[in-house]
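# Report on the structure
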Amino acid sequence: MDKTDASIRKLEDNTAAIAKNLDGSLINVPAIYEEAKCSVVQILIDIPERGLFDEGWATGYLSGDKREDVVSAWHVVEGLDIDTLSARFCDGEVIRFSIAGSKILEDLVVLRLKKPRPDLKSLELADEVAIGEEVVGIGHPFDLDYTAVVGRIAALDRDGAKYPQAVPCKTCTGISL
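Keep in mind it's a predicted model, so treat the numbers as computed, not measured. (Residues numbered from 1 in each chain as written. Predicted model: local features only at pLDDT ≥ 70, side-chain atom pairs only at ≥ 80, totals over all residues. Heavy atoms only, no water.)

### A closer look at the overall build of the chain
A tally of helices and strands in the chain yields 3 helices and 12 strands. Expressed as a percentage of its 177 residues, the buried residues of the chain come to 34%. Taking contacts inside the chain between residues at least 6 apart in sequence as the whole, the part at least 24 apart equals 55%. Summed over all atoms, the accessible surface of the chain reaches about 10600 Å², with 53% contributed by carbon and sulfur. (Helix = DSSP H or I, 4+ residues; strand = E, 2+ residues; numbered from the N terminus. Buried < 20%, exposed > 50% of the residue type's maximum accessible area, 1.4 Å probe, protein only. Contact = heavy atoms within 4.5 Å. Areas by Shrake-Rupley, 256 points an atom, 1.4 Å probe, with all protein chains shown as cover.)

### Some points on the state of the cysteines
Going through the model one piece at a time under the given rule, you end up with 1 disulfide. For Cys 38, the disulfide goes to Cys 90, at an S-S distance of 2.1 Å. Its torsion about the S-S bond being 105°, the disulfide of Cys 38 and Cys 90 is classed as right-handed. With a gap of 52 residues between them, Cys 38 in the loop between helix H2 (29–36) and strand S3 (40–47) and Cys 90 in the loop between strand S6 (85–88) and strand S7 (94–103) connect regions that are remote in the sequence. The exposure class assigned to Cys 38 is partly exposed, which follows from its relative accessible area of 22%. Its relative accessible area of 33% is what places Cys 90 among the partly exposed residues. (Disulfide = S-S within 2.5 Å.)

### Considerations on the nonpolar core
Most often, soluble globular proteins have nonpolar side chains that are buried together. Ile 43, Val 70, Val 77, Phe 89, Phe 97, Leu 111 and Leu 113 are the most contacted members of the largest nonpolar core, which has 19 residues in total. At the level of secondary structure, the elements contributing two or more residues to this core comprise S3, strand S4 (52–63), helix H3 (74–77), S6, S7 and strand S8 (108–113). Setting aside residues up to four positions removed in sequence, Leu 113 forms contacts with Leu 62, Arg 67, Glu 68, Val 70, Ala 87, Phe 89, Ile 95, Arg 96 and Phe 97. (Core = buried A, V, L, I, M, F, W, Y, C linked by side-chain atoms within 4.5 Å.)

### Considering the packing of aromatic side chains
Inspection of every chain in the model, using the stated rule, returns 0 aromatic pairs. Positioned over the ring face of Phe 89 is Arg 117, at 4.9 Å from the centre of the ring. (Phe/Tyr/Trp six-rings, centres within 6.5 Å; stacked < 30°, edge-to-face > 60°. Lys NZ or Arg CZ within 6 Å of the ring centre and 35° of its normal.)

### Comments concerning the side chain of Thr 84
Within the element layout of this structure, Thr 84 appears in the loop between H3 and S6. Engagement of the side chain of Thr 84 in a polar contact is seen with the backbone oxygen of Asp 81, the distance being 2.6 Å. The contacts of Thr 84, once residues within four sequence positions are left out, are Leu 44, Ile 45, Asp 46 and Arg 96. (Polar contact = N/O pair within 3.5 Å; in protein donor to acceptor, adjacent residues only side chain to side chain.)

### Describing the pairing of strand S5 (residues 69–72)
Because side chains alternate across S5, one face comprises the buried residues Asp 69 and Val 71, and the other comprises Val 70 and Ser 72, equally buried. Here S5 pairs with S8 via 4 bridges, running antiparallel. Bridge assignment links Asp 69 to a residue of S8, and that residue is Arg 112. (Pairing = 2+ DSSP bridges.)

### Examining the confidence of the model for the chain
Do not read the fine detail of predicted coordinates wherever pLDDT is low. Across the chain, the average pLDDT comes to 74, with 68% of residues at or above 70. In the predicted structure, residues 3–18 sits below a pLDDT of 50 and forms 12 contacts with residues beyond four places in sequence or in another chain. Under a pLDDT of 50 for its full length, residues 163–177 has, in the predicted model, 39 contacts with residues more than four places off or in other chains. (pLDDT = per-residue confidence, 0-100.)

### Here we look at the environment of Leu 44
When you line up the elements, Leu 44 lands in strand S3. Taking relative accessible area as the criterion, Leu 44 reaches 0% and is therefore assigned buried. For Leu 44 and Leu 85, which are 41 residues apart along the polypeptide, the C-alpha to C-alpha distance reads 5.5 Å.

### Some thoughts on the pattern of salt bridges
A full pass over the atoms with the stated rule returns 9 salt bridges. Between Asp 69 and Arg 112 there is a salt bridge, and its shortest N-O distance comes to 2.4 Å. With Asp 69 in strand S5 and Arg 112 in strand S8, this residue pair connects regions lying 43 residues apart in the sequence. Using a relative accessible area of 32% as the deciding quantity, one classes Arg 112 as partly exposed. Note that Glu 93 is salt-bridged to Arg 117, the shortest N-O span being 2.9 Å. One end of the pair, Glu 93, is in the loop between S6 and S7; the other, Arg 117, is in the loop between S8 and strand S9 (124–125), and 24 residues separate them in sequence. Accessibility expressed as a relative area gives 22% for Glu 93, which makes it partly exposed. Looking at Arg 117, the relative accessible area reads 4%, which means it is buried. One connected set of salt bridges, linked through shared partners, spans Asp 91, Glu 93, Lys 115, Arg 117 and Asp 119. (Salt bridge = Lys/Arg side-chain N within 4 Å of Asp/Glu carboxyl O.)

Right, dumping it as structure tokens:
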């Protein structure tokens, strides 16, 4: 085995950093993470009377040509005063937003930033994905900063009305970089 084959074998064995597509091609998770992380925002909530201030609430991602929209889950903002919510970017900038649109049964909301971020990359839905295809999730679970996880598409075309206990996945088509 030559040096190149040994390096490829080492990459293939490093499952914490590299994932495989169904066709066997490698996904470089650290590279995807570095490319996308600044377009993934932390949704913050300010409720001083409850002792919460700038608490991490959820995750969203920057979308659209103007870089002024953040896509997140409807359940994140449902029932909350929109004036208490904002988005924090990787450089620490915090920007307030309003609701631009939603698809409640699909658990989606589009949040319009008060100030666009044209300096950052817009993440968009992929045209097609297949069940079993590898995906990389980047987010802020439990108020943690920028985590990454590798998973697989488990299902497509889920109807939120039919499966109310599950997070609807009717438009789950993945994110393209």
